[in-house]
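Fold and geometry: a report
Below are the chains, spelled out letter by letter.
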Amino acid sequence: MHHGGSSDSAEIFQILADEYARKILLAADSGPKTAKTLSEECDASLTTIYRRVSRLQDHGLVEERHTVDADGSHRSKFETSLEELHVDITDGQLSLTIETRDELADNFTSLWSDLRGED
């Protein structure tokens, strides 16, 4: 994903300037986590977590995974999809390049973990 000097790049910079958004990205980088777990790890209310996760999802920085627990209840878990972020300044132009994880490999790993009952 490549962002030139667009307003989208400015929005991503604003998102990354937010302390809670950064905490969520770091916490969700170690694997899919529920909003409740993110709330505890980031020391933030559920409302704050859902609001920040929504903004991160809008820009492809976090993915939502749906799981089914042993008792049949459905649960959403969130995982960071951001792998690398590069900022370049060339000829007076700012460009932002975002690299996300290979979705196919991640989806297979996540599916396999879910089938094995790993958290």
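Notes on the structure in this doc start here.

**Thoughts on the packing of helix α2 (residues 19-27) against helix α4 (residues 46-58)**
Where α2 contacts α4, the two axes come as close as 10 Å, and the packing angle between them is 80°. With respect to α4, the element α2 is oriented roughly perpendicular. Contacts from Tyr20, Ala21, Ile24 and Leu25 of α2 reach α4 at Thr48, Ile49, Arg52, Val53 and Leu56. Residue composition of the contact of α2 with α4, grouped by class: seven nonpolar, one polar and one charged.

**Some remarks on the packing of α2 against helix α3 (residues 35-42)**
Where α2 meets α3, the axes come as close as 10 Å, and the angle between the chain directions of the two elements is 115°. Crossing of α2 over α3 shows right-handed handedness. Here Tyr20, Lys23, Ile24 and Ala27 of α2 come into contact with α3, specifically with Leu38, Glu41 and Cys42. In the contact of α2 with α3, the residues fall into five nonpolar, no polar and two charged.

**Some points on the environment of Leu25**
Examined against the element boundaries, Leu25 turns out to sit in helix α2. As a C-alpha pair, Leu25 and Phe78 span 53 residues in sequence and 9.5 Å in three-dimensional space. Apart from residues lying up to four places away in sequence, Leu25 is in contact with Leu16, Leu56, Leu61, Val62, Thr80 and Leu82.

Basis of the calculations
- Within each chain, residues carry numbers counting from 1 in the order of the written sequence.
- With pLDDT at 70 or above as the cut-off, local features in this predicted model cover only qualifying residues; side-chain atom pairs require 80 or more to be listed or tallied, and sums for whole chains, interfaces and linings still use all residues.
- Remark: hydrogens and water are excluded; side-chain values derive from all non-hydrogen atoms of the structure.
- For helices, the axis comes from a line fit to the C-alpha atoms of the stretch in contact; other axes are also lines fit to C-alpha atoms, and the angle between any two N-to-C directions lies between 0 and 180 degrees.
- Starting at the N terminus, helices and strands are each numbered in turn, a helix being any DSSP run of H or I of at least four residues and a strand any DSSP run of E of at least two.
- Throughout this description, any angle smaller than 35 degrees is read as roughly parallel, any larger than 145 degrees as roughly antiparallel, any in the 65 to 115 degree range as roughly perpendicular, and the remainder as oblique.
- In what follows, residue pairs with any heavy atoms lying within 4.5 Å of each other are defined as contacts.
- All residues other than Ala, Val, Leu, Ile, Met, Phe, Trp, Tyr, Cys, Pro, Asp, Glu, Lys and Arg, Gly among them, are scored as polar; the first ten of these are nonpolar and the last four charged.
- What makes a crossing left-handed is the near helix being turned counterclockwise from the far one by less than a right angle; a clockwise turn instead makes it right-handed.

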